[in-house]
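Chains, contacts and geometry: an overview
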Amino acid sequence: GDSVTQTEGQVTVSESKSLIINCTYSATSIAYPNLFWYVRYPGEGLQLLLKVITAGQKGSSRGFEATYNKETTTFHLQKASVQESDSAVYYCALSRWTNTGKLTFGDGTVLTVKP
Amino acid sequence: DTTVKQNPRYKLARVGKPVNLICSQTMNHDTMYWYQKKPNQAPKLLLFYYDKILNREADTFEKFQSSRPNNSFCSLYIGSAGLEYSAMYLCATGGRERLFFGHGTKLSVL
């Protein structure tokens, strides 16, 4: 079946430093799944941060970027300079083209940004 | 303005007793989804509706029921709660591009 792996359960970064959260995906019987990053800020529901549906493309939102790399099957999330307000739980996810709501999530990465 | 609402935020249930969780959405989407989220685990899809058609995941087929009396409302029903049902239950709706999630209902089974 499909799977998404986030290797870091928790990441702590100082404010204004750069960030990378790793995501590796595996999608059996489908060549190019849709890829997403969802985020849950404290006290809020899960919300879409960014998505990319075409291999080789880059998505961006709120200063975050992620590039769909089909050769390495990765979709790492990056930000050049984090802020304290970025502290949240980040989930990498994939879906098949036919049903973008049927998501396979990673376990999530808790990001803490220190002032 | 919260467009996907789940009530209650926290729910206590006794082992062996039924549990009914409620979700409503004002976005008029055809689809509604229920995910289960346990600590340090990925959210896991339990079932979803496309219009009035219910689709349940193979490994949770026997454990959860659902109803959708109208486009705005969806419930998740557990006939006999066990300790393993303690989790956060997330309701979502969406179009082709993204899902919109509610805040979730945290279910504790004692």
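So, a few notes on the structure that sits alongside this text. (Residues numbered from 1 in each chain as written. Chains lettered and ligands numbered in written order. Predicted model: local features only at pLDDT ≥ 70, side-chain atom pairs only at ≥ 80, totals over all residues. Heavy atoms only, no water.)

Computed from the structure, the largest pocket encloses a volume of approximately 660 Å³. Lining the largest pocket are 29 residues, with A:Arg40, A:Tyr91, B:Lys37, B:Pro39 and B:Met88 sitting closest to its centre. Counting residues per element, the ones that place at least two in the lining of the largest pocket are strand 10 (88–96) of chain A together with strand 9 (87–94) and strand 11 (105–109) of chain B. When grouped by side-chain class, the residues that make up the lining of the largest pocket number 11 nonpolar, 10 polar and 8 charged. One number sums up the size of the second largest pocket: a volume of about 380 Å³. Lining the second largest pocket are 16 residues; nearest its centre among them are A:Lys102, A:Leu103, A:Thr104, B:Leu45 and B:Glu57. Per-element accounting of the lining of the second largest pocket gives the leading share, 5 residues, to strand 11 (residues 99–105) of chain A. Residues that form the lining of the second largest pocket fall into these classes: 6 nonpolar, 4 polar and 6 charged. (1 Å grid on protein atoms, 1.4 Å probe; cavity = no way out; pocket = protein on both sides within 12 Å on 5 of 7 lines; lining within 4 Å. Points joined across faces, edges and corners; volume = space filled by probe spheres on them. Helix = DSSP H or I, 4+ residues; strand = E, 2+ residues; numbered from the N terminus. Nonpolar A, V, L, I, M, F, W, Y, C, P; charged D, E, K, R; others polar.)

What follows deals with the environment of A:Thr100. Within the fold, A:Thr100 resides in strand 11. For the pair formed by A:Thr100 and A:Asn34, sequence separation is 66 residues and the distance between their alpha carbons is 7.4 Å.

Here we come to unusual backbone geometry. Look at the link from B:Asn7 to B:Pro8: it is a cis peptide, with omega at -10°. Take B:Pro8: it is sitting in the loop between strand 1 (4–7) and strand 2 (10–13). Unusually for a residue other than glycine, A:Arg62 sits at a positive phi of about 50°. Within the secondary structure, A:Arg62 is located in the loop between strand 7 (58–61) and strand 8 (64–67). In this model, B:Asp51 sits at a positive phi of 60°, which is unusual for a non-glycine residue. Along the polypeptide, B:Asp51 turns up in the loop between strand 5 (44–50) and strand 6 (53–56).

Moving on: the pattern of salt bridges. One pass over the structure, following the stated rule, counts 6 salt bridges over all chains. Here A:Lys58 and A:Glu65 are joined by a salt bridge, their closest N and O atoms 3.6 Å apart. Residue classification places A:Lys58 among the exposed positions, given a relative accessible area of 51%. With its nearest N and O atoms 3.0 Å apart, the salt bridge here joins B:Asp59 to B:Lys44. Residue B:Asp59 is located in the loop between strand 6 and strand 7 (65–70), and its partner B:Lys44 is located in strand 5; the two are separated by 15 residues in the primary sequence. You can call B:Lys44 partly exposed: its relative accessible area is 35%. (Salt bridge = Lys/Arg side-chain N within 4 Å of Asp/Glu carboxyl O. Buried < 20%, exposed > 50% of the residue type's maximum accessible area, 1.4 Å probe, protein only.)

Summed over the entire model, instances satisfying the criterion amount to 2 disulfides over all chains. Bridging A:Cys23 to A:Cys92, the disulfide has an S-S length of 1.9 Å. Taking the torsion about the sulfur-sulfur bond, which here is approximately -65°, the covalent link between A:Cys23 and A:Cys92 counts as left-handed. Highlighted residues: A:Cys23 in the loop between strand 3 (19–21) and strand 4 (24–26) and A:Cys92 in strand 10, separated in sequence by 69 residues. Of the two residues, A:Cys23 and A:Cys92, neither departs from the other in class, the shared state being buried. Paired through a disulfide, B:Cys23 and B:Cys91 show a sulfur-sulfur distance of 2.0 Å. Negative torsions about the S-S bond denote left-handed disulfides, and the value of about -75° found for B:Cys23 with B:Cys91 makes this one left-handed. (Disulfide = S-S within 2.5 Å.)

Distances and angles like these do not, on their own, reveal function.
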